[in-house]
Amino acid sequence: MLFNVLVIVSVLLEVTMLKRFLLFFPYLADSFLRTRGSAVLESSVRVSTDRNILALTLLLPAVLLMYRYRLYDPIFLQNLSPNLYMLSLLGVLMAYLMLRLLLYVLLKPRRRFDFYRLAHRAGYTYFILLMLLLLVTVGVLALVHCNDLTIRRFIYIETIAVYAVFLLRKAQILSMSCNPLRTFLYLCGLEFLPTSLLVLSAVLL
């Protein structure tokens, strides 16, 4: 029941955001195709604000996808009731985001902060891109009656592909103010560490 209610809420929420998304989409495509696209996006307060709101509203569909296709299914969550399992997934996602934010604050440079902040905020843009791809893919595969295992594989493949492009763009943005070694160290601290902890928690716990 909770899942069905949240699906309805999610659909209604995204419908209300449709106009903002259509206005934002050219900037999304530009950020994907070229590094400077992220700077153009951030130069507009209206567009960057709409981007942040869109990313926030897509957290709920992300949790629903994680729940429906068991994208994050460690042993310590498997014996929970469906409602508690879904709430635990939300907690895991929020913990992951809070860890990323904490590392972002701790590793903040003393100088030339603009490119560092730009690289961080690009994550919001690529999260929207990922969710757009996943929702379309899941919708199409569900219509042709693919099984859950096949759909889960497509989700993992698309997630890895979008994350790889995001890492490339983030490295390119950071390289505008950092040398290659420092750029790599930032990626290790800001991206590889929290993502590795998330994956290891799913595999080992």
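Along each chain, residue indices are assigned from 1 in the same order as the chain's sequence is written. Confidence filtering applies because this is a predicted model: local features only for residues at pLDDT of at least 70, side-chain atom pairs given and counted only at 80 or more, and all residues used for totals across whole chains, interfaces and linings. With hydrogens and water stripped out, all remaining heavy atoms of the structure feed into the side-chain values.

K.L.:
Pulling in residues and values, what's your account of the overall build of the protein chain?
P.N.:
In this description a helix means any DSSP run of H or I spanning at least four residues, a strand means any run of E spanning at least two, and both kinds are numbered starting from the N terminus. In terms of helices and strands, the protein chain carries 9 helices and 0 strands. Sequence-ordered secondary structure for the protein chain, helices as α and strands as β, is α-α-α-α-α-α-α-α-α. Rg of the C-alpha trace for the protein chain: 18 Å, near the compact-globule value of 17 Å for 205 residues, within the 12% margin. For every residue, the accessible area (1.4 Å probe, protein chains only) is compared with the maximum for its type, and the residue is labelled buried under 20%, exposed over 50%, or partly exposed between those bounds. Residues counted as buried form 40% of the 205 residues belonging to the protein chain. Across the protein chain, the fraction of contacts at a sequence separation of at least 24, relative to all contacts at a separation of at least 6, is 71%. Positive and negative side-chain charges in the protein chain, numbering 20 and 9 respectively, have mean positions lying 8 Å apart. C-alpha atoms define the radius of gyration, and 2.2 Å times the number of residues to the power 0.38 defines the globule rule. Only heavy atoms matter for contacts: two residues are in contact if any of them lie within 4.5 Å across the pair. Lys and Arg are tallied as positive, Asp and Glu as negative. Neither His nor the chain termini are counted. Charged side chains are reduced to one point each, which is NZ for Lys, CZ for Arg, CG for Asp and CD for Glu.

K.L.:
How would you summarise the environment of N4 if you had to cite specific residues and measurements?
P.N.:
By the secondary structure assignment, N4 is in helix 1 (residues 2–16). Taking the C-alpha atoms as reference points, N4 and L64, separated by 60 residues in sequence, lie 9.7 Å from one another.

K.L.:
So what's going on with the confidence of the model for the protein chain? Residues and values would help.
P.N.:
On a scale of 0 to 100, pLDDT captures the predictor's confidence in every residue. The predicted model of the protein chain averages 88 in pLDDT, with 100% of residues at 70 or higher. Here helix 1 is the element of the protein chain with the lowest mean pLDDT, 81, and helix 8 (residues 148–174) is the one with the highest, 92.

K.L.:
How would you explain helix 9 (residues 180–204) if you had to name every residue and give the values?
P.N.:
The angle between axes fitted to the seven-residue stretch ending at a residue and the seven-residue stretch beginning at it gives the bend at that residue. Maximum bend of helix 9: about 40 degrees, positioned at C188. Residues of helix 9 that are buried make contact with helix 6 (82–106), helix 7 (113–143) and helix 8. Pairing of N or O atoms within 3.5 Å defines a polar contact, subject to two protein rules: one partner must be a possible hydrogen donor and the other a possible acceptor, and residues neighboring in sequence count only if both atoms are side-chain atoms. Two or three places before L181, at the opening of helix 9, N179 has a side-chain oxygen 3.2 Å from that residue's backbone nitrogen.

K.L.:
Before we move on, could you go through the nonpolar core and cite the residues and values that matter?
P.N.:
By nonpolar core we mean a set of buried residues, namely Ala, Val, Leu, Ile, Met, Phe, Trp, Tyr and Cys, connected to one another through side-chain atoms within 4.5 Å. Of all hydrophobic cores here, the largest spans 51 residues; its most connected members are F24, L65, Y69, L89, I128 and I155. Only helix 2 (18–33), helix 4 (45–57), helix 5 (59–68), helix 6, helix 7, helix 8 and helix 9 provide two or more residues apiece to this core. Top contributing element to this core by residue count: helix 7, with 12 residues.

K.L.:
Residues and numbers for the environment of M17, please.
P.N.:
In this fold, M17 is placed in the loop between helix 1 and helix 2. Each residue touching M17, except ones within four places of it in the same chain, is listed here: I53, L54 and T57.

K.L.:
Got a sec to walk through the packing of helix 5 against helix 6? Specific residues and values, please.
P.N.:
What counts as an axis is a line fitted to C-alpha atoms, over the stretch in contact for a helix, and the angles between N-to-C directions run from 0 to 180 degrees. The N-to-C vectors of helix 5 and helix 6 enclose an angle of 125 degrees; their axes lie 10 Å apart at closest approach. Classed by the angle they form, the pair helix 5 and helix 6 counts as oblique. Seen along the crossing, helix 5 lies across helix 6 with a hand that is right-handed. Of the residues in helix 6, those in contact with L59, V63, L64, M66 and Y67 of helix 5 are P82, Y85, M86, L89, L90, L93 and L97. Working definition: roughly parallel below 35 degrees, roughly antiparallel above 145 degrees, roughly perpendicular at 65 to 115 degrees, and oblique for all remaining angles. If you view the pair so one helix is near and one far, a crossing is left-handed when the near helix is turned anticlockwise from the far one by less than a right angle, and right-handed when it is turned clockwise.

K.L.:
Before we move on, could you go through helix 5 and cite the residues and values that matter?
P.N.:
Across the 10 residues that make up helix 5, a large majority, 8, are buried. Summarising the contacts, the buried residues of helix 5 are in contact with helix 1, helix 4, helix 6 and helix 7. Where helix 5 ends, the next residue or the one after it, R70, has phi of about 50 degrees, a positive value.

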